[in-house]
Each structure stands twice: as structure tokens, then as C-alpha cells.
Amino acid sequence: MNTAGHPEATERRGLELTPFRGLRYDPDRVGGLAAVTSPPYDVVVRPDGLHQLQDADPHNIVRLILPQAATPAARNEQAARTLRRWLSEGVLAADPEPGLYVYEQRDGDGMLQRGVIGALRVTEPSEGLVLPHEDVMPHVVADRAALMRATSANLEPLLLTYRGNGTAADATAVIERTVERPPLFSTTTEDGFSHRLWSITDPADLARVQSDLTRHQALIADGHHRWATYRRLRAEHPSPSPWDYGLVLLVDTARYPLRVRAIHRLLHDLPVADALAALDGHFRVRRLEVPLAEALETLADAACTGNAYLLAGDGAFHLLDHPDPALLDRTVPADRPAAWRTLDATVLHATLLAHVWHIPEDDPTRIAYIHDTAATVSKAERDGGTAVLMHPVREDVVRELARQGVTMPRKSTSFGPKPASGLVLRALDL
């Protein structure tokens, strides 16, 4: 029985992570676990990445998290039908007893991430337990909420981080003891990451993990829109209910630091020449006839001394830096901390998008947010648009702003590695 929504749970304080009966693929019913996984829904580069994943296996999780049909309602109903069919056919099956899940990712460059997957009690930002650091786009929240309502499932975990204290009694100690056992499965995906999953069902281990987490607060590293969706759906259902909880991966970054990368912008229907002309001398502009890797190094150097961006899409790179201070004074809101006012994402959204290029940040016909740097450049070159390449924000800046209750502009950061979608799902009716 799913313990999420148990009335006694509301008496606890702090992060409350509960066991659940995970839905997992039967490896004998699919072409391989690697073939049915996907990056999170918002990382899949449409349409190329979507088609590639659909072709990898007829049961790829992308058919649930990004269903394809003529209308939003038809897409969501299709995902619900697909999920019901896979359950009835045994493609997906629920584990026999509730548990928390230890999840490990490892790449060939020495990156190792371990965390615990469970159903986390949904809280409001005012409670100070789960801290957002970015704004969200309402239409995306509405889209994700409609999909979750239709499927009655959390189809992929969002990524949260907390800072453990390294003692033998903490959750990480249980995690590191658990990984000494044989995993439920092990697979390697196309990106070179190996993935392993274990279940924790021993009552003593579960109690140690849950007790430790009640002493911590979490930062949303990836999944702001899904967390906002959890909050919306919780408000729609009388408590207690399974909707009081949402599927998350919690990682102790004191033990397993994450990588922080930038999320880039693709400006549709704005050629690079027009983007540069609109700057009207408000930024210094330098043309770089160099490969992408070298251009990114130049961007990193420039970002050490102030706001800097790379524009691409015409076969070259254009470094924008040294913005006009008077322009920033006119366009950047003055009622926020200095650390927020000087963020590259703040200046991009408040100054360049709003006042120079006049591009609404919420209009998907005008702007796209893409994680992959090379893909952003190639799409701009192919479509005649402008790629705006960003330099990543340091994690300590993100965490400090979140603690102050200050949200960054949407899609400011990309923490990773992100959990693969398709390894464990949560049905709300189990």
C-alpha cells in the first residue's frame, strides 16, 4: 500500500520522504532498459531527439512524457491509454512492496552521483523546506498538470539537492551500504552514463533515511515546473491523498556534488544580423572565427568580469560583453539583491529580450530553451535564428539566492546529471 497521504504523516516536520511501489519495466518485455529510457521531458530536443527515442523501442518512456497527437487533450488521453496498456500487458509492473530507491549514475570521466528516490510531501515555498530558485512558465505547468491528471502518475522524478553532515547515521550512510548489494538492474545509456537502482525496504533503514531528511531543506536543482505541478494538483485534491506527495530524487551534494551547466536560448525568426543591429552600441561586440570549444572558453573568461553572451547562427560566434551601465540602470529592476541584478540571465531577460529584441520569454513561437550547446547552434544555423549561449551560474550563488527567497529568471541553470526517465515511475492509485 502506498504510504503517501497517510494522515499521521502530516504531523512530521521537515522533508518527509515516503516509500512507494515503484512501476518498473520488465526487462524481458522490452528491447533493453537503455532503449526505453529518456532524458527528462524538457531536455529532449524536439523533433530530432523525440523521433530518435520513439524509434529506439516501441515502449520508450517518451511516449508517456511527450505523447504525440493533434491536440493537448488527445496527447494526454493517448499517454493514459498507453500507460494502461503497458500495465495490462506487463510491460510495466509494480514492485511487490513499498520502498525507497537508491539510484546511481556514473560516467567515464569520474562523475558519480547517488541519491534516494521516494515520494516527497509537497510543501509551499513559504514553509522553507523545498526551495525553488527559478520562476516557472504557467503554460508549462498547465501542460504537465493535465498529463499527470490523465495518467494519475508521476512519470519521472525531479532532482532535489540537500547538504548532509557526513555522519554515520545519515541517509548517505544507508545509501552507501545499500550499493554494496546487487542492484535491481544495471544499464548504460547512449550518453555513456551507467545507471543502477536498488530498493530499500528494511524498516530500520527506511526509518534512518526518513529521520535524517527531516533535518534538512532541499533545493530544486531540476524540475521547477513539475514541482509547481505537484503543488497545483495537491491543491485540487482534498488532503490526505496520494497527491500530497510527488516523485523526487534527493541527492546529498556534500557527498556527491552536481555539475552546473547553462541553459541556452534559441530565438526563432531573429537573424543574427538583426540581433546585432538592435544592440545599437549598448554592448561591446567581437566576432570570433573559432571553433565552439574555443568560443566557450572566451565566453568563460569574459564572464569573470561581467555579463557576457555568445551569439551564433550565421557561421561565426559573436561575443557580447561590457553592457552600457546606463542601459542596465534603466532596464534591470532595482528592488532585488545585487547578486540577482548582476546575473547573466537577469540581464538577458530584463535588458536584451524585453528591451532590445522585444521577445516575450514565455512565447514558444519566439524562443526555445535548449540544454545542449552544439544543438542550439546547429538549430540556429539551420533555421536562420539566433542562438544565445550562456555561461553557467555557480551553485553557491543559486543556493544563497534561494535561501533569501529570491527566484532567478526561468531556465537559468542546468544541474546534472539529471535522473533518466523511465527507470522508476509512481502510480498514484497503488
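Residues numbered from 1 in each chain as written. Predicted model: local features only at pLDDT ≥ 70, side-chain atom pairs only at ≥ 80, totals over all residues. Heavy atoms only, no water.

Undergrad: Describe in detail the overall build of the protein chain, supporting the description with residues and values.
TA: Helices and strands together make up the secondary structure of the protein chain, namely 15 helices and 21 strands. Compactness check: the protein chain gives a C-alpha radius of gyration of 22 Å against a globular reference of 22 Å for 430 residues, within 12% of the reference. When its C-alpha atoms are laid out on the principal axes, the protein chain stretches across 65 × 45 × 45 Å. By residue count, 55% of the 430 residues in the protein chain fall in the buried class. Surface exposure of the protein chain reaches about 17600 Å², of which carbon and sulfur atoms provide 51%. The positive charge centre, built from 46 side chains, and the negative charge centre, built from 57, are 3 Å apart in the protein chain. (Helix = DSSP H or I, 4+ residues; strand = E, 2+ residues; numbered from the N terminus. Rg over C-alpha atoms; globule rule 2.2 N^0.38 Å. Buried < 20%, exposed > 50% of the residue type's maximum accessible area, 1.4 Å probe, protein only. Areas by Shrake-Rupley, 256 points an atom, 1.4 Å probe, with all protein chains shown as cover. Lys, Arg positive; Asp, Glu negative; His and termini not counted. Charge placed at Lys NZ, Arg CZ, Asp CG, Glu CD.)

Undergrad: Describe the sheet that holds strand 2 (residues 22-25), and please don't skip the residues or the numbers.
TA: Strands sit in the order 3-2-21-7 across an open sheet of 4 strands; the sheet is antiparallel. The open sheet has two edge strands, strand 3 (92-94) and strand 7 (153-154), and neither has a second partner. (Pairing = 2+ DSSP bridges.)

Undergrad: Run through the pairing of strand 9 (residues 185-188), naming residues and quoting values.
TA: Every second residue of strand 9 is oriented toward a common face, the buried set being Phe 185 and Thr 187 and the non-buried set Ser 186 and Thr 188. Between strand 9 and strand 10 (residues 194-200), which pair antiparallel in sequence order, lie 5 residues; one of them, Gly 192, sits at a positive phi of approximately 95 degrees.

Undergrad: Describe the sheet that holds strand 18 (residues 367-370), naming the residues involved and giving the relevant values.
TA: Read across the open sheet, the 6 strands follow the order 15-17-16-19-14-18; overall the sheet is antiparallel. Of all strands in the sheet, those with a lone pairing partner are strand 15 (284-288) and strand 18, marking the two edges. In this sheet, adjacent strand axes meet at a mean angle of 25 degrees when their direction is disregarded. Helix-sheet contacts for helix 9 (residues 272-279) involve strand 15, strand 16 (308-312), strand 17 (317-321) and strand 19 (386-389), and the interaxial angle to strand 17 is about 20 degrees. Strand contacts of helix 13 (residues 344-356): strand 14 (264-267), strand 16, strand 18 and strand 19, with the helix running at about 60 degrees to strand 16, the strand carrying the most contacts. (Axes fitted to C-alpha atoms, helices over the stretch in contact; angles between N-to-C directions. Contact = heavy atoms within 4.5 Å.)

Undergrad: Any details on the pairing of strand 12 (residues 245-252)? Residues and values, ideally.
TA: Across the 8 residues of strand 12, 8 count as buried, placing the element largely inside the fold. Where burial is concerned, the two faces of strand 12 agree: the one with Tyr 245, Leu 247, Leu 249 and Val 251 and the one with Gly 246, Val 248, Leu 250 and Asp 252 are both buried. Pairing of strand 5 (residues 112-121) with strand 12 involves 7 bridges; the strand directions are antiparallel. Paired with Arg 121 across the bridge in strand 12 is Tyr 245. With 5 bridges connecting them, strand 8 (residues 158-162) and strand 12 associate as parallel partners. Across the sheet, the residue bridging to Thr 161 is Val 251, located in strand 12.

Undergrad: How would you explain the nonpolar core if you had to name every residue and give the values?
TA: In terms of nonpolar packing, the biggest core is built from 110 residues, with Tyr 25, Ile 117, Leu 160, Trp 227, Leu 250, Tyr 309 and Trp 357 touching the most fellow members. Top contributing element to this core by residue count: helix 13, with 7 residues. If near-sequence neighbours (up to four positions away) are discounted, Leu 250 is found in contact with Leu 15, Leu 17, Gly 115, Val 116, Leu 160, Tyr 162, Leu 213 and Ala 218. Listed in part, the 16 residues of the second largest apolar core include Ala 295, Leu 310, Ala 312 and Ala 368. (Core = buried A, V, L, I, M, F, W, Y, C linked by side-chain atoms within 4.5 Å.)

Undergrad: Explain the packing of aromatic side chains residue by residue, including any values.
TA: This model, assessed by the stated rule, comprises 4 aromatic pairs. Considering the side-chain rings of Tyr 25 and Trp 86, the 6.1 Å spacing of their centres and the 50 degrees angle between planes classify their relative orientation as tilted. Taken together, the residues Tyr 25 in strand 2 and Trp 86 in helix 4 (residues 72-89) connect sequence positions 61 residues apart. Both residues of the pair, Tyr 25 and Trp 86, count as buried. Considering the side-chain rings of Trp 227 and Tyr 230, the 6.0 Å spacing of their centres and the 70 degrees angle between planes classify their relative orientation as edge-to-face. You can see Trp 227 and its partner Tyr 230 sitting in helix 8 (residues 224-236), 3 residues apart, about one turn around the helix. Per residue, the accessibility class of Trp 227 equals that of Tyr 230, and both read buried. Just above the ring of Tyr 41 sits the side chain of Arg 144; from NZ or CZ to the centre is 4.0 Å. (Phe/Tyr/Trp six-rings, centres within 6.5 Å; stacked < 30°, edge-to-face > 60°. Lys NZ or Arg CZ within 6 Å of the ring centre and 35° of its normal.)

Undergrad: Help me get a handle on helix 10 (residues 292-303), residues and values and all.
TA: Note on helix geometry: an α-helix contains 3.6 residues per turn, so any two residues three or four positions apart are oriented the same way. Along its 12 residues, helix 10 runs 16 Å from first to last C-alpha, staying within 8% of the 16 Å computed at 1.5 Å per residue. The complete set of buried residues in helix 10 reads Ala 295, Leu 299 and Ala 302. The buried residues of helix 10 occupy an angular sector of 65 degrees when the element is viewed end-on, so they sit on one face. Among the exposed residues of helix 10, those pointing more than 90 degrees away from its buried face are Ala 293, Glu 297 and Asp 301. Buried residues along helix 10 sit in contact with strand 15, strand 16, strand 17 and strand 19. (Expected span 1.5 Å × (residues − 1). Arc of directions from axis to C-beta.)

Undergrad: How would you explain the environment of His 268 if you had to name every residue and give the values?
TA: In this structure, His 268 sits in the loop between strand 14 and helix 9. Taking relative accessible area as the criterion, His 268 reaches 24% and is therefore assigned partly exposed. A sequence separation of 119 residues divides His 268 from Ala 387, and the C-alpha atoms of the two residues are 8.8 Å apart. Leave out the neighbours within four places in its chain, and His 268 touches Pro 364, Thr 365, Arg 366, Ile 367 and Ala 368.

Undergrad: Any details on the packing of helix 4 against helix 5 (residues 138-151)? Residues and values, ideally.
TA: Angle between the axes and distance between the axes: these two values describe a pair of packed helices. It is the contact of helix 4 with helix 5, at a shortest axis distance of 8 Å, that shows an interaxial angle of 35 degrees. For the pair helix 4 and helix 5, the sense of crossing is right-handed. Between helix 4 and helix 5, the residues in contact are Asn 76, Ala 79, Ala 80 and Leu 83 and Ala 146, Leu 147, Ala 150 and Thr 151, respectively. Tallied by class, residues from the contact of helix 4 with helix 5 come to 6 nonpolar, 2 polar and no charged. (Left-handed = near helix turned anticlockwise from the far one by under 90°. Nonpolar A, V, L, I, M, F, W, Y, C, P; charged D, E, K, R; others polar.)

Undergrad: Please set out the side chain of His 133 residue by residue, giving values where relevant.
TA: Relative to the helices and strands, His 133 resides in the loop between strand 6 (130-131) and helix 5. A residue is classified by how much of its surface remains accessible, and His 133, at 0% relative accessible area, is buried. A polar contact of 2.9 Å, which involves the side chain of His 133, links it to the side chain of Thr 413. Setting aside residues up to four positions removed in sequence, His 133 forms contacts with Leu 219, Ile 220, Ala 221, His 224, Val 398, Ala 402, Thr 407, Met 408, Thr 413 and Phe 415. (Polar contact = N/O pair within 3.5 Å; in protein donor to acceptor, adjacent residues only side chain to side chain.)

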